[in-house]
Amino acid sequence: MRILLTNDDGVSAAGINILFDILSESHDVYMVAPLHERSACSNAITVRTTIPLREIARGKFAADAFTADCVNIGINGDILPDVDLVISGINHGPNLGDDIHFSGTVAGARSAVIFGKPGIAISLDCFEESDYFADAGNFLLSFIDNNIHDITTHRMFFNINYPDIPHDEIKGTKYTTLGRRSYCDTFRVTEGTDSTMLLEMEGTIQSDMSSGTDTCELRNGYISITPLLLDCTDKNYLQSSVQ
């Protein structure tokens, strides 16, 4: 299988490079990733300006662009062979619940589906260095091999969150729904003049801990797998309220 890797942590991040090595053992793997970190940029794309692209190693390209740009380039740029699957990650930090609307990592998998390819986003529940990127990568390799039919035949994408704990402490794998994430944001003025202020965002996140949600099951020590669709239409509203 030909696989395109991308991320939003940047082309030099540990997660994507460990995953590249693991998947390359049994698949034909290419990387197109942002030159710099592009966290929380969602599906932003570059328009009306050129995108610098450089091959930094065999099969690895760095684009001074957003994650969605990297997926678009990898699929439609006539630089790589036609790929079968796009994987975004391994992200440094979880992407749970409402995070999926901001996340560049999840946007990589979403963009794959937009451009006609299956996509998987995978994140590790750790913002710092971790000993478990390889464990997450090996899990993903097994997940791909065991679920290739579902991955390649449905117009959807998967969001996987892997616990930052030893393999023998993981309780199992659960398919989950999205939990709610309440962002309690505040802004602090760091500098200012009469007409301009510099604002720095601070705050906390409160997570829905209902059973069966990604926010809950990841915290309980399970690998969370959430199947996602592009269609955001509220079909219940259409059926119940629109005459």
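Position numbers for residues count from 1 along each chain, tracking the sequence in the order it is written. Local features in this predicted model are restricted to residues of pLDDT 70 or higher, and side-chain atom pairs are both shown and tallied only at a pLDDT of 80 or more, whereas totals for entire chains, interfaces and linings draw on every residue. Hydrogens and water are ignored here; the side-chain numbers use all heavy atoms of the structure.

### Section: the overall build of the protein chain
Of the regular secondary structure elements, the protein chain holds seven helices and eleven strands. Considering only C-alpha atoms, the protein chain reaches an extent of 55 × 50 × 45 Å along its principal axes. Exposure classes here rest on a 1.4 Å probe applied to the protein chains alone. A residue is buried below 20% of its type maximum, exposed above 50%, and partly exposed in between. Counting the 243 residues in the protein chain, one finds 47% classified as buried. Any two residues whose heavy atoms approach within 4.5 Å at even a single point are treated as in contact. When contacts within the protein chain are restricted to residue pairs at least 6 apart in sequence, those whose partners lie at least 24 apart make up 73%. The accessible surface values rely on the Shrake-Rupley method and a 1.4 Å probe; as for residues, cover is taken only from the protein chains in view. Accessible surface, the protein chain as shown: approximately 12,500 Å² in total, 50% of it carbon and sulfur. Here the protein chain contributes 16 positive and 34 negative side-chain charges, whose respective centroids are spaced 6 Å apart. Numbering of helices and strands runs from the N terminus; a helix is a DSSP stretch of H or I covering at least four residues, while a strand is a stretch of E covering at least two. Asp and Glu are treated as the negative residues and Lys and Arg as the positive ones, with His and the ends of the chain left uncounted. Charge positions come from single atoms, namely NZ of Lys, CZ of Arg, CG of Asp or CD of Glu.

### Side note on the side chain of E217
Tracing the backbone shows E217 in helix α6 (residues 214-219). Judged by its relative accessible area of 2%, E217 is buried. If sequence neighbours within four positions are ignored, E217 has contacts with K174, T176, S211, G212 and Y222.

### A closer look at the pairing of strand β11 (residues 222-228)
For β11, the buried fraction is high: six of the seven residues fall into the buried class. Here, any two strands with at least 2 DSSP bridges between them count as paired. As paired strands, strand β7 (residues 157-162) and β11 are joined by five bridges and run antiparallel to one another. Bridge pairing in β11 places F158 opposite P227. The sheet contact formed by strand β8 (residues 172-175) and β11 spans four bridges and is parallel. In the sheet register, G172 faces β11, and the bridge partner there is Y222.

### Re the side chain of N159
Its location among the elements puts N159 in strand β7. Assessed through its relative accessible area of 0%, N159 is described here as buried. Among the polar contacts listed, one links the side chain of N159 to the backbone oxygen of N95, at a separation of 2.9 Å. Every residue in contact with N159, bar those within four places of it in the chain, is listed here: N95, I100, V106, A121, S224, I225, T226 and L228. Here a polar contact is recorded for every N or O atom pair within 3.5 Å, except that within protein the pair must consist of a potential hydrogen donor and a potential acceptor, and residues adjacent in sequence are included only if both atoms are side-chain atoms.

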